[in-house]
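Breakdown of the fold
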Amino acid sequence: EKEIATLLQHLQSGKYPLITISGEGGSGKTRLSIALAERILTEPTRQRYGDGIWFINCANIAADVTTQEHLLIHIGSLLGIEFQSRTSFFQQLVAYLAPRSMLLILDSFEHLSDHGLVLIDLLQQTPNLQILVTSRHDLRLQRTLSMRLEGLDVPLLAKKPLDYALRPSELSQLLQVASVKVFSDRAHIIWPPFTVHKG
């Protein structure tokens, strides 16, 4: 919730057209970006993207000599652009995006970090575009905002001995901790009868 609130604030301000969520694999980058998009879509007062929020998985884009071209084609194809051969892919993408108001979420961008500058070039020519990138590494580009996910906090009650029986008030407090909620949700999916109890 804290990270979503921070990201919403920065997106609404428009000061940073490119925001990077970085963190180790499994730290929740993709989940956070999807939760953020859902929050924007369910709160009309925050809706500033008349042409939508687009989730673009970049994991399968090959990192080779044609990477930048593949990235532009991948983005454009998912947006429904039919590229022509007479002008560059970049200019065609700019022409499509320039009159539109969108948020692009580029997920799993870590292997493409050397091509981050093309995102800056794109943003300079598309005034109503914002890009949110998830990556294991910070892109380290100017005019961007970076948020590092370090994982959820471990509750203080976790330091108690294993045979410690929680009081009802402590159990209630524990069930409000984000890391316990995520653990409980995941365990419940695997084994539906699972519950967190006082022991």
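Up top you'll find the structure we're talking about.
Below you will find a few notes about this structure. (Residues numbered from 1 in each chain as written. Predicted model: local features only at pLDDT ≥ 70, side-chain atom pairs only at ≥ 80, totals over all residues. Heavy atoms only, no water.)

Here the focus is unusual backbone geometry. Trans peptide bonds make up most of the peptide bonds, and negative phi angles are found at most residues other than glycine. Even without being a glycine, Ser 108 presents a positive backbone phi close to 60 degrees. Structurally, Ser 108 is set in the loop between strand E3 (102-107) and helix H5 (116-124). Taking the relative accessible area as the measure of exposure, Ser 108 reaches 18% and is therefore buried. Despite not being glycine, Arg 140 has its phi angle at roughly 55 degrees, a positive value. Within the fold, Arg 140 resides in the loop between strand E4 (129-135) and strand E5 (144-148). Using a relative accessible area of 72% as the deciding quantity, one classes Arg 140 as exposed. (Helix = DSSP H or I, 4+ residues; strand = E, 2+ residues; numbered from the N terminus. Buried < 20%, exposed > 50% of the residue type's maximum accessible area, 1.4 Å probe, protein only.)

A few words on the side chain of Ser 101. Among the structural elements, Ser 101 can be located in the loop between helix H4 (89-97) and E3. For Ser 101, a relative accessible area of 17% gives the class buried. Beyond its immediate chain neighbours, meaning those up to four positions away, Ser 101 contacts Arg 48, Tyr 49, Gly 50, Asp 51, Gly 52 and Asn 128. (Contact = heavy atoms within 4.5 Å.)

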